[in-house]
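Take a look at the letters that make up each chain.
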Amino acid sequence: MKTYLDLCRRLVDEGTWVENERTGKRCLTVINADLEYDVGGNAFPLITTRKSYWRAAIAELLGYLRGYSSAAQFRAIGCNTWNANANDNQAWLANPARKGEDDMGRVYGVQGRAWQKPDGTGIDQLRKIVDNLGRGLDDRGEILTFYNPGEFDLGCLRPCMHTHTFSLLGDTLHLTSYQRSCDVPLGLNFNQIQVFTLLALIAQVTGHKAGKAYHKIVNAHIYEDQLELMKEVQLKREPYSSPKLHINPEIKTLEDLETWVTLDDFEIEGYRHHEAIAYPFSV
Ligand SMILES: Nc1nc(=O)c2c([nH]1)NC[C@@H]1CN(c3ccc(C(=O)N[C@@H](CCC(=O)O)C(=O)O)cc3)CN21
Ligand SMILES: O=c1ccn([C@H]2C[C@H](O)[C@@H](COP(=O)(O)O)O2)c(=O)[nH]1
């Protein structure tokens, strides 16, 4: 929580205004932020200075791990975050690659589970990582990347948190996650949860202890219409201590994650938070 608040404070105090053509809004922006989460120690990085809808963030991660490509699939597991980008984004609505209502195209999990090779066959990046780590092997290339410039025009949004690298040291698994663009009031709350939970889940299904997760952000920003709420409301609140995340120990394989796991398999212990803040969302 402290590094999160430091980043919010740094944005407000030292940020530079940058015009964003895609959304037509200005963003107060800083470059480079390094966040670190103690997954082994179960210090769940949940925002306490406002209410966090943490379940939707875990559902979104689950959808990525399953390779979902439709906002309807995300809604069905308890996550509404892709409705706007799939259905209200003018550039995507005009794109001939869009296959109708709710289609997100070849984004995130589609690249992670079915990266297309020139010969038409697919690469399942996550399966390879889980298989290697499961037998104790880290080939120094245990990389899950959603960033496929050759297919940007086939999806509604370029991935923001685009690459996850797993590292095995002895029997402890670590994760380094890279994010090119971060909406600090809205997206970061979700992304922190996802980095932490991704390491916890992959450690569990590969039979290792979870260690540290390193979250590296390049462009961190606040949209102009979010600034007042951040400065005058959220940053004036005192944080509470971190809650703990409990994951159903019956989740033992990647197939479990793909088939029967739901949000009921995740519980939070000791989440004390301030009131919700409804930040504006930019499509
Ligand atoms: N401008 C922008 N910011 C983002 O954070 C973002 C995008 N676009 N597009 C793609 C995904 C979608 N993500 C989202 C979208 C919406 C919320 C959101 O509205 N969160 C609210 C309530 C969530 C709920 O009720 O479930 C929040 O208060 O956190 C969060 C992340 C993250 N990404
Ligand atoms: O996981 C996510 C996904 C998206 N975001 C934010 C970051 C930006 O504000 C927008 C994406 O816009 P681009 O023009 O493609 O950079 O969505 C996030 O913070 N986390």
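The rules behind these values
Residues numbered from 1 in each chain as written. Chains lettered and ligands numbered in written order. Predicted model: local features only at pLDDT ≥ 70, side-chain atom pairs only at ≥ 80, totals over all residues. Heavy atoms only, no water. UniProt positions renumbered as here; feature names shortened; annotations may be inferred. Helix = DSSP H or I, 4+ residues; strand = E, 2+ residues; numbered from the N terminus. Buried < 20%, exposed > 50% of the residue type's maximum accessible area, 1.4 Å probe, protein only. Contact = heavy atoms within 4.5 Å. Near = heavy atom within 4 Å. Polar contact = N/O pair within 3.5 Å; in protein donor to acceptor, adjacent residues only side chain to side chain. Areas by Shrake-Rupley, 256 points an atom, 1.4 Å probe, with all protein chains shown as cover. 1 Å grid on protein atoms, 1.4 Å probe; cavity = no way out; pocket = protein on both sides within 12 Å on 5 of 7 lines; lining within 4 Å. Sits in = over half its atoms within 2 Å of the grid points.

Going by an unreviewed UniProt entry, the protein carries the name Thymidylate synthase and comes from Thalassomonas viridans. Listed in UniProt under the heading Pathway (unreviewed entry), the comment for the protein reads: "Pyrimidine metabolism; dTTP biosynthesis." What UniProt states about the protein under its Subunit (unreviewed entry) heading is, verbatim, "Homodimer."

A.B. asks: Go over the environment of Leu133, please, and point to the residues and values.
C.D. replies: Residue position: Leu133 is located in helix α7 (residues 125-134). Exposure remark for Leu133: the relative accessible area of 0% places this residue in the buried category. The spacing of Leu133 and His174 is 41 residues in sequence and 11 Å in space, taken between C-alpha atoms. If near-sequence neighbours (up to four positions away) are discounted, Leu133 is found in contact with Glu142, Phe166, Leu168, Leu173, Ile202, Thr206 and His208.

A.B. asks: Outline the site of ligand 1, listing residues and values.
C.D. replies: Lining the immediate environment of ligand 1, one finds 15 residues, of which Arg50, Asn85, Asp183, Gly187 and Ser282 sit closest. Contacts to ligand 1 include Asp183, whose side-chain N or O atom sits 2.7 Å from a nitrogen atom. For ligand 1, whose free accessible area comes to 660 Å², the fraction covered by protein is 80%. More than half of the atoms of ligand 1 fall within 2 Å of the grid points belonging to the largest pocket.

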